[in-house]
Amino acid sequence: MLRRALNRVQDNWKSYRHRFVPWVVLNLSKNEKTLRQVTDRSKDKLVPDQEVSESLLQLFSVLLRSHGADHGELRGAQSHLLRKETTKQHQCEEEAMLRSLGFCIARKPSTLPFAGTGVFVTKGCISKGATVAMYPGTVYQAYEPILLQSIRNPFVFRCIDGVLIDGNDKGISKVVFKSCSGRDRMGPFLMSDTSWLTSSPQNPLAVGQYVNNCSNEYPANVCYQEFDVPDKFPIKLRQYLPNVNYSTDSQRPLRCVVLVSLRDITAGEELFSNYYTIVR
């Protein structure tokens, strides 16, 4: 019985470690092939922010039309809370993604041993430099409390400047995100999307927290890139942003993290990311 319990703990750790930031940093630092070195935050851009913004605007605009939202009003933004997860609705979002970006991605069991869930290209082809996915979650400034949320949480992503994004879709992390999202509503408009907390996200890009880190056997085909949402980003399209600030007094723009393709990626391939490290 003890052996069975130990085996279960060991299997859980093997899955957990592929997203556990301290483990990733310690082990990737031993192999420079799996690291992307940057000198500061401004140097982590593989593609300009304008291109990232244009890709998001293109997808979100198609999603808005396909969901039948009238000028981004609350009833359109909240439709995912009332709808059933049907094949027809999934196909609607998949079609919107394929039409606007030229590819589709989805969560499936990873090909990486013991890694649990991964993200795969299911249709189309991703060109080098494309915005492939988004890392959803609550955004914490470096000075804000996250201890309770971080316990046994493999989905806390650390940005270059110390900003943290909690991409866990369960437990207290889920409660915090939903609370902050409801708090930030502006009249009839939602400022963020809570559907990524379910198995059927309205924004099909919002699965970046399930992209596993690369290894020698599975080299990286995508990488993380930080993106601050500009003030001019249309209010009616913010309902598809899968991020929200933990605090209302943050003077910074909303931080998002996207995954950008390092090469052309074809249907059937799993996405693997590399982790950046600061060099002085």
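Starting from 1, residues in each chain are numbered consecutively following that chain's sequence as written. At least 70 in pLDDT is required for a residue's local features to be given in this predicted model, at least 80 for side-chain atom pairs to be given and counted, and no such filter applies to totals for whole chains, interfaces and linings, which use all residues. Side-chain metrics in this entry use all non-hydrogen atoms of the structure; hydrogen atoms and water are not considered.

An unreviewed UniProt entry lists the chain under the name SET domain-containing protein, with Pagothenia borchgrevinki as the source organism.

Quick look at the side chain of Gln225 now. Strands are runs of DSSP state E lasting at least 2 residues, helices are runs of H or I lasting at least 4, and numbering of each runs from the N terminus. Turning to its location among the elements, Gln225 is positioned in strand E9 (residues 222-228). Its relative accessible area of 0% is what places Gln225 among the buried residues. We call two N or O atoms a polar contact when they sit within 3.5 Å, provided that within protein one can donate a hydrogen and the other can accept it, with sequence-adjacent residues counted only if both atoms are side-chain atoms. A polar contact of 2.8 Å, which involves the side chain of Gln225, links it to the backbone nitrogen of Leu46. Among the polar contacts made by the side chain of Gln225, one reaches the main-chain carbonyl oxygen of Val47 at a distance of 2.7 Å. Contacts: residue pairs with any heavy atoms within 4.5 Å of one another. Not counting chain neighbours up to four residues away, the residues in contact with Gln225 comprise Asp44, Lys45, Leu46, Val47, Asp49, Val52, Cys256, Val257, Val258 and Val260. Think of it in three bands: residues with accessible area under 20% of the maximum for their type are buried, residues over 50% are exposed, and the middle band is partly exposed, with areas taken using a 1.4 Å probe on protein chains only.

Attention now goes to the pattern of salt bridges. By definition, a salt bridge exists where a carboxyl oxygen of Asp or Glu is found within 4 Å of a side-chain nitrogen of Lys or Arg. According to the stated counting rule, one finds 10 salt bridges in the structure shown. In this structure, the salt-bridge partner of Asp49 is Lys45, at a minimum N-O distance of 3.1 Å. Look at Asp49 and you get partly exposed, because its relative accessible area is 30%. When its relative accessible area of 27% is taken as the criterion, Lys45 is described as partly exposed. Each member of the salt-bridge network shares a partner with another, and the members are Asp161, Glu226, Asp228, Arg252 and Arg255.

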